[in-house]
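# Fold and geometry: a report
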Amino acid sequence: MRELLREIVGNAKHWTEVRVHDRNALRLAVRNGVMESASSNKGSGAGVRVLVDGTWGFSSTARLDRESIERAVRDATLAAKGSAGGRKARVDRLADCEFAVGDFRTGDAEEIASHSAEEKTALVVDTERRTMEASETIRSAMCRYTELLDKKWVVSTDGADAHIEDAKLEFVAMAVAGTSDDMTTAFHGTGVTGGWPELFGPNSAEEIADKTGRTAVDLLNAPYAPGGKTQVVLDPELVGLLAHEAIGHTVEADFVLAGSAAAGRIGERVASELVTLCDSGPSVIGGEHAGGVVLVDDEGVPAGRTAVIENGVLSSYLHDRETAALFDVAPTGNARAWLFDDPPLIRMRNTYIEPGGSSFEEMVESIDDGLLLKGGGSGQADANAEFMFGVQEAYEIKRGKVGRLLRGASISGDAFEVLQSVDMLSSDFRWTIGSGHCGKGQPAKVDGGGPFVRCNVIVGGR
């Protein structure tokens, strides 16, 4: 395939990039004892970008023969020329870099294929049943298993020449516990780049089912959390959510150009000096199997570690080749496309806060009156860095000890102000949000995480 693509881009008259993408996707979901989804999809095709007189053109084809791809190159070229007159801004150049050349492999597609469809279906059915049977108060349960097995080839006229294989898995369980006039919901999941040993390494499917059911029931019997500005310990899941949603999107260079809260602040202290926040393609910390692992992005740029905030100082945005040229920096390997017929966008990979030197016990013992907050819920974050996230479990901390479970908590505020208040980080680290997708026009598999973090936030409660 790479040889065919080299020949095609070698004959192109303008800057041309051809990305071939082959995907096998499986989704199994059971809700309340009924198979809700059982889909296996295979799709492949080529996406072509050209740059003609400073104007992008994009075309795609689901056929992978020479004639069809060359036709897509011509169509993309015509699209660029046809739209050039309506463009207000031109792309003067793309940033240079050391392109990826060769074969790159993550995940373990062979190990995943060793598990039959019947085995995967039985796992989902049994886990949903076990979650439902955790208590008589469980009113509804759901379990979902998803796998994405990708093969890509990226070749461009200026040197990208990469073949990429990737495998990502998700497994989640959800439970709703209720009485005649009250209900609570709990959710636990895992998402990795790898195979079943990595997916179920930290917790087996049975443990995920038991934990989900138990959490829903415990929340049903818990009092509501109090509101107000509070000293808290955030668990790695909430830290990952904060790093991705509330900070990460503000430093994507396309959002920066649109006026995000991070615009014009490179070199400015935006967080406590304890905070180093990164976005990495490879899983450079906490094991090799984070759910957003990307070794080479969809422009053929090697995807390394980018320190967005280093010791409290905003040090980098996240770039594709176009914005990297505008900011006169190197591209960071953040150009990603969901499918072959999607053009690449600037997207995060694995976004996290690096660990510190304290133990979790020291952090709790240091708080006289506060909260331990665990697990994220629904919420939103804006380009101005303001956020509001639901919290699944809140625990009182009184005189240095973790106390009773509370429910109904949320956290909100300005993400940069929250990071300014960070004064302790634990030395351990976990990836925690790999079981979902980021949405920004196209889905993208991402992950996030960090250590336990002590800081001040506004807690919403009753």
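Here, every reference points to the structure presented above.
In this text the structure is predicted, and so the values were computed from the model without any measurement. (Residues numbered from 1 in each chain as written. Predicted model: local features only at pLDDT ≥ 70, side-chain atom pairs only at ≥ 80, totals over all residues. Heavy atoms only, no water.)

Our next topic: helix α2 (residues 66-83). Between its first and last C-alpha atoms α2 spans 26 Å; for 18 residues at 1.5 Å apiece the expected length is 26 Å, and the two agree. The complete set of buried residues in α2 reads Ser68, Ile69, Ala72, Val73, Ala76, Thr77 and Ala80. Among the structural elements, α1 (2-10), β1 (15-31), β2 (34-52) and β3 (55-61) are those in contact with the buried residues of α2. A side-chain oxygen of the first residue of α2 lies 3.3 Å from the backbone nitrogen of glutamate 67; this N-cap is aspartate 65. (Helix = DSSP H or I, 4+ residues; strand = E, 2+ residues; numbered from the N terminus. Expected span 1.5 Å × (residues − 1). Buried < 20%, exposed > 50% of the residue type's maximum accessible area, 1.4 Å probe, protein only. Contact = heavy atoms within 4.5 Å. Polar contact = N/O pair within 3.5 Å; in protein donor to acceptor, adjacent residues only side chain to side chain.)

Looking now at the sheet that holds strand β11 (residues 313-314). Through backbone hydrogen bonds, the strands of a sheet pair up, either in parallel or in antiparallel fashion. Read across the open sheet, the six strands follow the order β11-β10-β9-β14-β23-β20; overall the sheet is mixed. Among the strands making up the open sheet, the edge pair consists of β11 and β20 (430-431). Two elements, strand β9 (residues 277-280) and strand β14 (residues 350-353), share four bridges in a ladder whose sense is antiparallel. Its bridge partner lying in β14, cysteine 278 is registered against tyrosine 352. Contacts from helix α7 (residues 236-247) reach β9, β10 (305-310), β14, β20 and β23 (447-450), with the element oriented near 125° to β23. (Pairing = 2+ DSSP bridges. Axes fitted to C-alpha atoms, helices over the stretch in contact; angles between N-to-C directions.)

Another aspect to go through is the environment of threonine 190. Relative to the assigned elements, threonine 190 resides in strand β7 (residues 183-193). Sequence separation between threonine 190 and aspartate 150 is 40 residues; the distance between their C-alpha atoms is 19 Å. In this structure, threonine 190 is in contact with Leu169, Glu170, Phe171, Leu199, Ile208 and Ser435, ignoring residues within four places of it in sequence.

Let us now look at the packing of aromatic side chains. Two numbers describe a pair of aromatic rings. These are the distance of the centres and the angle of the planes. According to the stated counting rule, one finds ten aromatic pairs in the structure shown. Between tryptophan 196 and phenylalanine 200 the ring centres are 5.6 Å apart and the planes differ by 80°, which places this aromatic pair in the edge-to-face class. In this structure phenylalanine 200 comes out as buried when scored by relative accessible area, which is 16%. Consider the rings of tyrosine 317 and phenylalanine 327, whose centres lie 5.5 Å apart with planes at 70°: the pair is edge-to-face. (Phe/Tyr/Trp six-rings, centres within 6.5 Å; stacked < 30°, edge-to-face > 60°.)

Mapped onto the fold, threonine 351 is located in strand β14. Sequence-distant contacts of threonine 351, that is, excluding residues within four places in its chain, are made with Ala243, His244, Leu277, Cys278, Asp279, Trp431, Asp447, Gly448 and Gly449.

This next bit is on the pairing of β2. Side-chain positions along a regular strand alternate between the two faces of the sheet. With 17 bridges connecting them, β1 and β2 associate as antiparallel partners. Paired with alanine 29 across the two strands is serine 37, which belongs to β2. The turn joining β1 and β2, which pair antiparallel and follow one another in sequence, is formed by two residues; a positive phi near 55° is taken by asparagine 32. Of the strand pairs in this sheet, β2 and β3 are connected by seven bridges, and their pairing is antiparallel.

Next up on the list: the pattern of salt bridges. In total, this model carries 31 salt bridges according to the counting rule given. The shortest N-O distance in the salt bridge between lysine 445 and glutamate 170 comes to 2.7 Å. Separated by 275 residues along the polypeptide, lysine 445 in strand β22 (residues 443-445) and glutamate 170 in strand β6 (residues 161-178) bring together distant segments of the chain. Relative accessible area serves as the criterion here: at 3%, lysine 445 is assigned to the buried category. Note that lysine 440 is salt-bridged to aspartate 254, the shortest N-O span being 2.9 Å. A residue pair is termed long-range when its members are at least 10 positions apart, and lysine 440 in the loop between β21 (437-439) and β22 and aspartate 254 in helix α8 (residues 253-257) qualify at 186 residues. On the accessibility criterion, lysine 440 (13% relative accessible area) is buried. When salt bridges that share partners are traced, they join Arg2, Arg6, Asp103 and Asp161 into one network. (Salt bridge = Lys/Arg side-chain N within 4 Å of Asp/Glu carboxyl O.)

Counting 47 residues, the largest nonpolar core has Leu277, Ile309, Leu373, Ile411 and Leu419 as its most contacted members. For this core, the elements supplying multiple residues, two or more each, are β8 (228-234), α7, α8, β10, β15 (369-381), β16 (386-398), α11 (415-420) and β24 (453-460). Ignoring anything within four residues of it in the chain, the contact list for isoleucine 411 reads Leu234, Leu238, Leu373, Phe387, Met388, Phe389, Val391, Val457, Ile458 and Val459. With 19 residues, the next largest nonpolar core counts Leu26, Leu123, Ala167 and Leu169 among its residues. (Core = buried A, V, L, I, M, F, W, Y, C linked by side-chain atoms within 4.5 Å.)

On to the packing of α1 against α2, then. The N-to-C vectors of α1 and α2 enclose an angle of 40°; their axes lie 11 Å apart at closest approach. It follows from the interaxial angle that α1 and α2 lie oblique. As α1 packs across α2, the resulting crossing turns out to be right-handed. Of the residues in α2, those touching α1 at Leu4, Leu5, Glu7 and Ile8 are Arg66, Ile69, Glu70 and Val73. For the contact of α1 with α2, the per-class residue count stands at five nonpolar, no polar and three charged. (Parallel < 35°, antiparallel > 145°, perpendicular 65-115°, else oblique. Left-handed = near helix turned anticlockwise from the far one by under 90°. Nonpolar A, V, L, I, M, F, W, Y, C, P; charged D, E, K, R; others polar.)

Turning to helix α4 (residues 117-132), a few remarks are in order. Every α-helix carries 3.6 residues per turn, so stepping three or four residues along brings you back to the same face. Over its 16 residues, α4 extends 23 Å from the first C-alpha to the last, a length consistent with the 22 Å expected when each residue adds 1.5 Å. Along α4, the residues that are buried comprise Lys120, Leu123, Val124, Thr127, Glu128 and Thr131. Buried residues along α4 cover an arc of 120° about the axis, so they all sit on one side. Each element contacted by the buried residues of α4 is listed here: β1, α3 (109-113), β5 (138-156), β6, α5 (196-199) and α6 (205-220). (Arc of directions from axis to C-beta.)

Assignment of secondary structure puts serine 156 in strand β5. Residue class for serine 156 comes out buried when judged on its relative accessible area of 6%. Side-chain polar atoms of serine 156 contact the side chain of aspartate 158, separated by 2.7 Å. Contact partners of serine 156, with chain neighbours within four places excluded, come to Val9, Trp15, Thr16 and Glu17.

Contact geometry for α4 and α6: axes closest at 8 Å, N-to-C directions at 30°. As far as their axial angle goes, α6 and α4 are roughly parallel. Between α4 and α6 the crossing geometry is right-handed. Here α4 contributes Leu123, Thr127, Arg130 and Thr131 to the contact with α6, which in turn contributes Ala205, Glu206, Ala209, Asp210, Thr212 and Gly213. A class-by-class count of the residues in the contact of α4 with α6 yields three nonpolar, four polar and three charged.

Function-wise, these values are silent; they only describe arrangement.
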